[in-house]
Amino acid sequence: MDNINIMLILLVIVIVGYVAGKLEYMGGEVDRRLSNIIIDITCPALILSSTMGGTLPDRSLILPLLGISLLTYALLTVIAWILPRLLTKREEERGLVGFALMFGNVGFIGYPIVGAIFGHQAVFYAAILNVVNTLTVFTIGVMLIKGERRQPLFQPKVLVSSPMIAAYLAIIIVALSIDNIPDVVSQPITLIGNITVPGALLIIGSSMSRLSWHTMLGSRVVYIITAFRLLIIPLLLYALFSLLGFDTLVVNINTLIIAMPVATYGTILCLRYNRDSTLITEIIFISTLFSVITIPIVAQLLFR
């Protein structure tokens, strides 16, 4: 299946990052600098490039997509605050566990998977869903990673971060059906955005290179989190949104997006804020590995 091939290709890039880390081409300051480049430059370009591929989505689905995404992340926020208390007794791990439960790899893995399963145009729908994901990653997600539960839930400066500015521009492009962006603008943005996926996966591999094989295999908690991330949460929300009467295509794409492995932003943000990335890297590795099996299962359920 195409989606299995995509997952295997991405895993190969992780392995390359692992080897690069072992050979000391990557690691330490290199990983931190590359993480900042991805967050501040290449990921915003990726968000923009997702609206510059040709045919724009049906504008009548924009509001339903934004609506289901807002509701999704409201529910995931509740899950991210409650469930970690049941899964780990270590308070310093709860924010990382909450991040893993809340955020899937939408931009890095979600786009190619959605495109492979639903067709190229669906990538634009995934980009619209990713707007709320981007907002919450750099607000609630940062708070979870930093472990500062008493800080304000919303920090205004995130509204002018480069990923959010890119998200605003993406909404405008789609809402106004701007499909005549010159190649001299769209092509450089697309090329820069294309750095995001391999760059992020190389960082994951490099982070793994500093872990023992025993650590990479993960603990019981890691596998429980993976099960919730890949199957339990997506299927529960699929049932809920189907009962609420959302458009079938909207529900299906949203479900597949939720069923992605844990976002690589977890490791990247840990590096930025000087948090131990061991646990989140374990969860990312195990969830990405098992997603090769679970994503085809979820996709089959959506088309039954």
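Once a new chain begins, its residue numbering starts again from 1 and follows that chain's sequence as written. Reporting of local features is limited, given that this is a predicted model, to residues whose pLDDT is at least 70; pairs of side-chain atoms are given and counted only at 80 or more, and all residues count toward the totals for whole chains, interfaces and linings. As a rule here, side-chain values come from all non-hydrogen atoms in the structure, and water together with hydrogens is ignored.

Ring geometry is summarised as follows: Phe, Tyr and Trp rings, the Trp one being its six-membered ring, pair when their centres sit within 6.5 Å, and such pairs are stacked at plane angles under 30 degrees, edge-to-face over 60 and tilted between the two. Tallying each qualifying case throughout the model produces four aromatic pairs. For the ring pair phenylalanine 99 and phenylalanine 103, a centre distance of 4.9 Å and an interplane angle of 45° mean the geometry is tilted. On the accessibility criterion, phenylalanine 99 (0% relative accessible area) is buried. For the exposure calls, accessible area comes from a 1.4 Å probe over protein chains only, and a residue counts as buried if that area is under 20% of its type's maximum, exposed if over 50%, partly exposed in between.

As a further point, take the environment of leucine 237. Helix and strand assignments follow DSSP, with helices taken as H or I runs no shorter than four residues and strands as E runs no shorter than two, numbered in order from the N terminus. As for its position among the elements, leucine 237 is in helix 11 (residues 220-243). Leucine 237 sits in the buried class, given a relative accessible area of 6%. Each C-alpha atom of the pair leucine 237 and leucine 76 lies 9.6 Å from the other, and the pair is 161 residues apart in sequence. Note on contacts: a residue pair qualifies if any of its non-hydrogen atoms lie within 4.5 Å across the two residues. Residues in contact with leucine 237, not counting those within four places in the same chain, are Thr72, Leu75, Leu76 and Ile258.

Looking now at the side chain of serine 209. Along the chain, serine 209 turns up in the loop between helix 9 (196-208) and helix 10 (213-216). N or O atoms within 3.5 Å of each other form a polar contact, as long as, within protein, one can give a hydrogen and the other can take it, and as long as residues adjacent in sequence are counted only when both atoms are side-chain atoms. In this structure the side chain of serine 209 is engaged in a polar contact, spanning 2.5 Å, whose partner is the backbone oxygen of serine 206. In this structure, serine 209 is in contact with Tyr18, Gly21 and Lys22, ignoring residues within four places of it in sequence.

By secondary structure assignment, the location of threonine 255 is in helix 12 (residues 248-258). Contact partners of threonine 255, with chain neighbours within four places excluded, come to Pro234, Tyr238, Val298 and Leu302.

Each α-helix winds once per 3.6 residues, and so residues spaced three or four apart point in a common direction. Multiplying 1.5 Å by the residue count of a helix minus one yields the expected span of that helix. When the terminal C-alpha atoms of helix 6 (residues 122-146) are compared, their 34 Å separation across 25 residues agrees well with the 36 Å that a helix rising 1.5 Å per residue should span. The element helix 6 is largely enclosed, with a buried count of 23 among its 25 residues. Of the residues trailing helix 6, glycine 147 is marked for its positive phi of about 75°.

Once that is clear, we can look at the confidence of the model for the protein. When pLDDT is averaged across the protein, the result is 83; 90% of the residues are at 70 or more. When mean pLDDT is compared element by element in the protein, helix 11 scores highest at 94, while helix 10 scores lowest at 68. Known as pLDDT, the predictor's per-residue confidence is scaled from 0 to 100.

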